[in-house]
Amino acid sequence: MPTTLGEALSVLEELKGDAVPIAGGTDLMVSWPERFIEHERTYLDLSGLDELRAHRWTEDALEIGALTTFWDIVRDPQAAREMPILVDAARTVGAVQIQSRGTWAGNIANASPAADGVLSMMALDAVVELAGAEGVEEVHLDELYLGYKQMRKRADQLITRVRIPRRTLEFQSFVKVGSRRAQAITKIGLAITRSDAGWRVVASSMAPTVKRCCAIERMLDDRVPVDGPGGFAAAIGSDVSPIDDIRTTAVYRESVMARVLFHELARVCPWICAGGDSV
Ligand SMILES: Cc1cc2nc3c(=O)[nH]c(=O)nc-3n(C[C@H](O)[C@H](O)[C@H](O)COP(=O)(O)OP(=O)(O)OC[C@H]3O[C@@H](n4cnc5c(N)ncnc54)[C@H](O)[C@@H]3O)c2cc1C
């Protein structure tokens, strides 16, 4: 249990990346009782690293520390004013117990395709700070994931901070479709933003990783007219590759994603409105 970041990084280097960082433990502890032997590892308990606990607002960014929990952001009125989709996402993670232990950094490092925190942060163009013995590097969150549970972060690196630029956001929306309003893993998630950087459309549970939907973003930037959910079908087909799993089917995912997109965007885009297509 290191008490400084320097100490934590030396342990990771010394153990050649074999030590497993543990923050809130809400992902790591899930399979603990069943697969106990697998868990006989060295754990690097980050909870003593006070320097990584707080989040703060600088002139041009929100900086989320490695130990900032979902609940820290729910409780921050500034977040509700400026980046409500972070609060909306945090409020859907598990229930209050999980929100008050689970961290945003842990949500990123766990690399689940259904990660709700990642969904919102990616739509806000978050940048992830990775620290290791060789120094600090920054990776855009939308470039971090390489495939299912695979990322550009090395095992000897820690996520120390997430930086979210403060921009004028004309539109923000977070939609999580699940079986119920709490303690439900996302079947289809969408986070949409519009700023002077353009449209961002990010989907979860629709591909091996949380993923930006660049074909849909281009349709919006070019104001391509859409007269019903079906108008998004081709772009959805090029952006994501949903699968059938225990939560639902690929067909359901594609069709609900099209409907959610249509209903969210028709509120704000005059070129998206109901025509002949069923809504
Ligand atoms: C009942 C329940 C419900 C849940 N519901 C949801 C939900 O609705 N939506 C959702 O998105 N998630 C959900 N989760 C998953 C989990 O709560 C989140 O992913 C959470 O953000 C994980 O954060 P943590 O701090 O607990 O991570 P931990 O469990 O401590 O760690 C998770 C992973 O990240 C690594 N890690 C942690 N911190 C760092 C760091 N700073 N640098 C490098 N690696 C690090 C760990 O080694 C581990 O691989 C749920 C979990 C439970 C148990």
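Refer to the structure above for everything that follows.
Since we're looking at a predicted model, the values are computed, not measured.

What follows covers the overall build of the protein chain. Across its full length, the protein chain holds 10 helices and 13 strands. Its C-alpha atoms give the protein chain a radius of gyration of 19 Å, within 12% of the compact-globule value 19 Å for 279 residues. Within the span of the protein chain, comprising 279 residues, buried residues form 51% of the whole. Excluding contacts between residues fewer than 6 apart, the proportion of contacts in the protein chain whose partners are at least 24 apart in sequence is 61%. Approximately 13,300 Å² of the protein chain is accessible, and the part contributed by carbon and sulfur atoms is 51%. Taking the average place of the 31 positive charges on the side chains of the protein chain and the average place of its 39 negative ones, the gap between the two points comes to 4 Å.

Before going further, it helps to examine the site of the ligand. Every one of the 31 residues lining the ligand counts as a neighbour, but Pro21, Thr26, Asp27, Thr103 and Asp116 are closest to it. Measuring from an oxygen atom of the ligand, one finds a side-chain N or O atom of Thr103 at 2.7 Å. The backbone of Ile159 places a nitrogen or oxygen atom 2.8 Å from a nitrogen atom of the ligand. About the coverage of the ligand: the protein hides 88% of its 990 Å² of free accessible area. Listing elements by their share of the shell around the ligand, those giving two or more residues are β1 (20-22), α6 (104-110) and β9 (158-165).

The next point concerns the pairing of strand β12 (residues 198-204). Burial analysis of β12 places seven of its seven residues in the buried class, the great majority of the element. Inspection of the sheet shows strand β11 (residues 188-195) paired to β12 by seven bridges, in the antiparallel sense. Bridging across to β12, Ala191 finds its partner in Val202. The antiparallel pairing of β11 with β12 creates a hairpin that spans two residues between the two strands. The sheet contact formed by β12 and strand β13 (residues 211-212) spans two bridges and is antiparallel. Note on β13: the bridge partner recorded for Val202 is Arg212. Where β12 folds back onto β13 in an antiparallel hairpin, the turn is made up of six residues, including Ser205, whose phi is positive at roughly 60°.

Quick look at the sheet that holds β13 now. By way of backbone hydrogen bonds, the strands of a sheet pair with one another, either parallel or antiparallel. If you walk across this open sheet you meet the four strands as β10-β11-β12-β13, and the pairing is antiparallel. With one partner strand each, in any of the chains shown, β10 (169-177) and β13 form the two edges of the open sheet. Direction of pairing for β10 relative to β11: antiparallel, over a ladder of eight bridges. Its bridge partner lying in β11, Val177 is registered against Ile188.

Quick look at the packing of helix α4 (residues 84-92) against helix α7 (residues 116-123) now. One way to put it is that α4 packs onto α7 with a least axis distance of 8 Å and a crossing angle of 170°. By the criterion of interaxial angle, the relationship of α4 to α7 is roughly antiparallel. Residues Ile85, Leu86, Ala89 and Thr92 of α4 form the contact with α7, whose participating residues are Asp116, Ser120, Met121 and Ala123. Counted by class, the contact of α4 with α7 contains five nonpolar, two polar and one charged residues.

Moving on, we get to the nonpolar core. Counting 52 residues, the largest nonpolar core has Leu86, Ile108, Met121, Leu141, Tyr145 and Ile164 as its most contacted members. Every element with two or more residues in this core is listed here: α1 (5-14), β4 (61-65), α2 (70-74), α4, α6, α7, β5 (127-132) and β9. Excluding residues within four positions of it along the chain, Ile164 makes contact with Asp60, Ala61, Leu62, Ile64, Met83, Leu86, Met121, Leu124 and Ala126. In this structure, Leu190, Met206, Cys213 and Val226 belong to the second largest nonpolar core, which totals 30 residues.

Each value, and the rule that gives it
Residues numbered from 1 in each chain as written. Predicted model: local features only at pLDDT ≥ 70, side-chain atom pairs only at ≥ 80, totals over all residues. Heavy atoms only, no water. Helix = DSSP H or I, 4+ residues; strand = E, 2+ residues; numbered from the N terminus. Rg over C-alpha atoms; globule rule 2.2 N^0.38 Å. Buried < 20%, exposed > 50% of the residue type's maximum accessible area, 1.4 Å probe, protein only. Contact = heavy atoms within 4.5 Å. Areas by Shrake-Rupley, 256 points an atom, 1.4 Å probe, with all protein chains shown as cover. Lys, Arg positive; Asp, Glu negative; His and termini not counted. Charge placed at Lys NZ, Arg CZ, Asp CG, Glu CD. Near = heavy atom within 4 Å. Polar contact = N/O pair within 3.5 Å; in protein donor to acceptor, adjacent residues only side chain to side chain. Pairing = 2+ DSSP bridges. Axes fitted to C-alpha atoms, helices over the stretch in contact; angles between N-to-C directions. Parallel < 35°, antiparallel > 145°, perpendicular 65-115°, else oblique. Nonpolar A, V, L, I, M, F, W, Y, C, P; charged D, E, K, R; others polar. Core = buried A, V, L, I, M, F, W, Y, C linked by side-chain atoms within 4.5 Å.

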